[in-house]
Structures are given as structure tokens and as C-alpha cells.
Amino acid sequence: MRILVVEDDAVLRGVMLRSLTDAGHRVDAAASVAEAQHFWRVQTFDAVLLDLTLPLDAAPDSPMGSGLTALRMARARGDRTPVLVLTARDRTDERIAGLDAGADDYLGKPFDLAEVEARLRALVRRTQGTGDRTAAGALVLDRRARCFTLHGALLELPAREFEVLWELMTPPGHVVSKRKLSDKLSSFDDSLGDNALEAFISRLRKKLAGSAVSIRTLRGLGYMLEADPLTTP
């Protein structure tokens, strides 16, 4: 997943960033309302992890604002990215305000990092209308285990090839633009060009060769994963 973490506490932000990155996700982090608004406008995310009490901008003496500002602005422009709000455990009013502003779920502090990731996965599955397992012919994606199998055997993939195939399987048969794939695989400090993306697609095609599962190029549109309808998982 591509995740935006919005948290002003540097220690907690760093812990969440490392935990989610180690779990295989692409993560961007913001520490203020202004940074959150910027990231959210220029990048596409699968989910947002949003603290509610934030400085308004990056200045050291910035007054405190509310993460609800960034959330309301995103919803007002039609952005439906699932949002998990972080709140103080005993602040019912914060939870209500977050849900009313368009948040999809909330988690009280302190929290378990494993629960954070599990809730984010559940939000994305619910938003995308996908379950834990998706099949395209002999290719099966197990989201809970974070693995692919092909004809029942584990398909070993480097991290970026894994993310490309994951996106093409959510769900299979839909067109994914080059821009969307590049955004999912890039960070603000590490952009991915078309040539690199085409190289990942080429490697995946070789690994899927002979399986009746293929990646089709639709010129000017992007890529689509297809399976022979006569094959079975």
C-alpha cells in the first residue's frame, strides 16, 4: 500500500514510518496541517493515518490546529481515500468529530502497531471491494499473508515487482495507468521513470509465461492483468 502518515510527534512518526516500511508499504510522512494538505493534493494514497492535533505549519512556534482541516478539504474535493484517525483513548468528542468529518475508522492512543496495519488493510479492502484472496487463473494473491502463488507454488518477487502485480490484481481485469503505478512505487525523494516501470512489467511477464496469466498493454491507457477463462486457481 501507499500510505500517508500525518503525526507531529517525531518519535511516534518515526516508529510508524519504520514499522509500515518494514512491512513492505510505501510511506510518506507529514508533521503539520500544511504538509498534510500538500502531500494529499499531489500524491495518490491507498490510506491515510491521521493524528488530529497538529501544528498548522512547519514553523517551530506554529500554533496548533486540527487534522480535521486537512480531512475536510480532501473530502470537499472528492477525495475518498480511506482515513484512520488517531485519537486520545478517552476523547469521545474527538472520535465523533473525526467520523463526522469523513474519517473511516479511529484508533485510540496508545496503540499496537500491528493493529494499525491490520486496520489499514481492512479499510483498503473495504474501499476497493476486495477480500483477503483474489485469483486470476492460476495466480492467487493472499493479502493477509502478503504473498502470490502460481499453480500452487510461492511466486518469489522483488519488492517493486510485487507491488506492481499487487496493483494489477486489485482487482484483475481493470486497467491501471502508468501514472498510478509510478506513483505507487515512487516516493518524493525517489521517482520512478517509465523505462524502469516497463522493465518491471517485462520481468513479470517472463515469470508469468506459460501460466495462461498475462499482462496486457493498452496503448495510451496503461496495463491490465488477464487470465484465460478456462484456467482455474
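Here's a quick rundown of the structure. (Residues numbered from 1 in each chain as written. Predicted model: local features only at pLDDT ≥ 70, side-chain atom pairs only at ≥ 80, totals over all residues. Heavy atoms only, no water.)

Time to look at the overall build of the protein chain. Scanning the protein chain from N- to C-terminus turns up eight helices and 13 strands. Counting contacts in the protein chain only where the partners sit at least 6 residues apart, residues at least 24 apart contribute 55% of the total. Per element, the accessible surface of the protein chain, about 11200 Å² overall, is 52% carbon and sulfur. (Helix = DSSP H or I, 4+ residues; strand = E, 2+ residues; numbered from the N terminus. Contact = heavy atoms within 4.5 Å. Areas by Shrake-Rupley, 256 points an atom, 1.4 Å probe, with all protein chains shown as cover.)

Attention now goes to helix H8 (residues 194-208). For H8, built from 15 residues, the straight-helix expectation of 21 Å at 1.5 Å per residue is met to within 8% by its first-to-last C-alpha distance of 21 Å. Those residues of H8 hidden inside the fold are in contact with strand E9 (139-142), strand E10 (147-150), helix H6 (159-168), helix H7 (178-185), strand E12 (213-218) and strand E13 (222-227). (Expected span 1.5 Å × (residues − 1).)

As a further point, take the packing of aromatic side chains. With the rule as written, the count across this model stands at two aromatic pairs. Both rings, one in Phe162 and one in Trp166, keep their centres 5.7 Å apart while their planes meet at 45 degrees; by these two values the pair is tilted. Here Phe162 pairs with Trp166, and both are found in helix H6, just four residues apart, close to one helical turn. Each member of the aromatic cluster is reached from another via a ring pair, and the members are Phe148, Phe162 and Trp166. (Phe/Tyr/Trp six-rings, centres within 6.5 Å; stacked < 30°, edge-to-face > 60°.)

Moving on: the sheet that holds strand E1 (residues 2-6). Across the sheet, five strands lie side by side as E2-E1-E3-E6-E7; this open sheet has parallel pairing. Only two strands of the sheet have a single partner each, and these edge strands are strand E2 (26-30) and strand E7 (105-109). Adjacent strand axes in the sheet meet at a mean angle of 20 degrees when their direction is disregarded. In this structure, E1 lies alongside E2, joined through five bridges in parallel fashion. By the bridge assignment, Val6 is partnered in E2 with Ala30. Each of E1, E2, strand E3 (47-51), strand E6 (83-88) and E7 is contacted by helix H1 (residues 10-22), which is oriented at about 170 degrees to E2, the strand it contacts most. (Pairing = 2+ DSSP bridges. Axes fitted to C-alpha atoms, helices over the stretch in contact; angles between N-to-C directions.)

The next thing to look at is the packing of helix H3 (residues 67-76) against helix H4 (residues 92-101). One way to put it is that H3 packs onto H4 with a least axis distance of 9 Å and a crossing angle of 20 degrees. Between H3 and H4, the angle is such that the two are roughly parallel. In the packing of H3 onto H4, the handedness of the crossing is left-handed. Between H3 and H4, the contacting residues are Leu68, Leu71, Arg72 and Arg75 on the first element and Ala97, Gly98 and Ala101 on the second. The residue inventory of the contact of H3 with H4, partitioned by class, reads four nonpolar, one polar and two charged. (Parallel < 35°, antiparallel > 145°, perpendicular 65-115°, else oblique. Left-handed = near helix turned anticlockwise from the far one by under 90°. Nonpolar A, V, L, I, M, F, W, Y, C, P; charged D, E, K, R; others polar.)

This part is about empty space enclosed by the protein. Inspection of every chain in the model, using the stated rule, returns two cavities of 30 Å³ or more. Elements that contribute at least two residues to the lining of the largest cavity include exactly helix H5 (113-128) and H6. By residue number, the principal contributor to the lining of the largest cavity is H6, which donates three residues. Grouping the constituent residues of the lining of the largest cavity by class yields three nonpolar, two polar and five charged. (1 Å grid on protein atoms, 1.4 Å probe; cavity = no way out; pocket = protein on both sides within 12 Å on 5 of 7 lines; lining within 4 Å. Points joined across faces, edges and corners; volume = space filled by probe spheres on them.)

Attention now moves to the packing of H6 against H7. At a minimum axis separation of 10 Å, H6 and H7 run at an interaxial angle of 135 degrees. Relative to H7, H6 is oriented oblique. Crossing handedness for the pair H6 and H7: right-handed. Here H6 contributes Arg160, Glu163, Val164 and Glu167 to the contact with H7, which in turn contributes Lys180, Leu181, Lys184 and Leu185. A per-class count over the contact of H6 with H7 returns three nonpolar, no polar and five charged.

Okay, the pairing of E12 next. Summarising the sheet, E12 and E13 pair through six bridges and their orientation is antiparallel. The partner of Ile215 across the bridge, within E13, is Leu225. Counting the residues that bridge the hairpin from E12 to E13 gives three residues, and of these Gly220 lies at a positive phi of roughly 80 degrees.

Each α-helix turn comprises 3.6 residues. Residues three or four places apart therefore point the same way. Most of H6 is tucked away, with eight of its 10 residues classed as buried. Within H6, the full set of buried residues consists of Glu161, Phe162, Glu163, Val164, Leu165, Trp166, Glu167 and Leu168. Against E9, E10, H7, H8, E12 and E13 lie the buried residues of H6. (Buried < 20%, exposed > 50% of the residue type's maximum accessible area, 1.4 Å probe, protein only.)

This part is about the sheet that holds E9. One open sheet accounts for four strands, arranged E8-E9-E10-E11; its pairing is antiparallel. Each edge of the sheet is formed by a strand with only one pairing partner; in this case those strands are strand E8 (133-136) and strand E11 (153-154). As defined by bridge partners, E9 adjoins E10 across four bridges and the pair is classed as antiparallel. For Leu139, the partnering residue across the bridge sits in E10 and is Leu150. The sheet strands contacting H6 are E9 and E10, and the helix crosses E10 at an angle near 75 degrees.

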